[in-house]
Amino acid sequence: MKYTRGVEREIQDEQLKMSKEILSIPKASMLAILKDTLEAFETPDTGPFKISRDAVHVLHTVAEAAAVEALSLWNKSAIHGKRVTVQLKDIQHVRAMCHELSPGLLDLLRADAAKALRQCTGRGEDVD
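Residues numbered from 1 in each chain as written. Predicted model: local features only at pLDDT ≥ 70, side-chain atom pairs only at ≥ 80, totals over all residues. Heavy atoms only, no water.

1. What about the overall build of the protein?
When its secondary structure is counted, the protein shows five helices and zero strands. Traced from its N-terminal end to its C-terminal end, the protein shows the element sequence α-α-α-α-α. Within the protein, buried positions represent 15% of all 128 residues. Considering only intrachain contacts with a sequence separation of at least 6, the fraction spanning at least 24 residues in the protein is 48%. Total accessible area on the protein stands at roughly 10,300 Å², and carbon and sulfur atoms take up 60% of it. (Helix = DSSP H or I, 4+ residues; strand = E, 2+ residues; numbered from the N terminus. Buried < 20%, exposed > 50% of the residue type's maximum accessible area, 1.4 Å probe, protein only. Contact = heavy atoms within 4.5 Å. Areas by Shrake-Rupley, 256 points an atom, 1.4 Å probe, with all protein chains shown as cover.)

2. Re helix 3 (residues 53-80)
Between its first and last C-alpha, helix 3 extends 41 Å over 28 residues, near the 40 Å set by a 1.5 Å rise per residue. Every buried residue of helix 3 is accounted for by Val-56, Val-58, His-60, Thr-61, Glu-64, Ser-77 and Ala-78. Positioned one or two residues after helix 3, Lys-82 has a phi angle of 60°, which is positive. (Expected span 1.5 Å × (residues − 1).)

3. Describing the environment of Asn-75
Tracing the backbone shows Asn-75 in helix 3. With relative accessibility at 33%, the residue Asn-75 sits in the partly exposed group. Placed 10 residues apart in sequence, Asn-75 and Thr-85 show a C-alpha to C-alpha distance of 7.6 Å.

What follows is the structure in structure tokens.
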């Protein structure tokens, strides 16, 4: 797809901003989790799976966003219970609420993941 000079510049600026973003989960930890997960799916026929640097970055960004969202929901549940510390019952409460909302929530999470993928790759088209 061909872009105008202004749009190309905006895409480059966004990619630069994304590359400088600081993530809380260390890259080494994220890579270890991904390697362990990919090894679980290896078979003698397929051999080792490989994953690109861009894919690792996208998975890292989405995983961190999901963790932040979960912690935020748990914190809101604790505040609702007039506490400042997240407890197991807060996690269970949020899990129960999400289970009740699961059909709509799943669509929302898919849309958020697709948006994060577009932002990380700098592509304007939809990713399905």
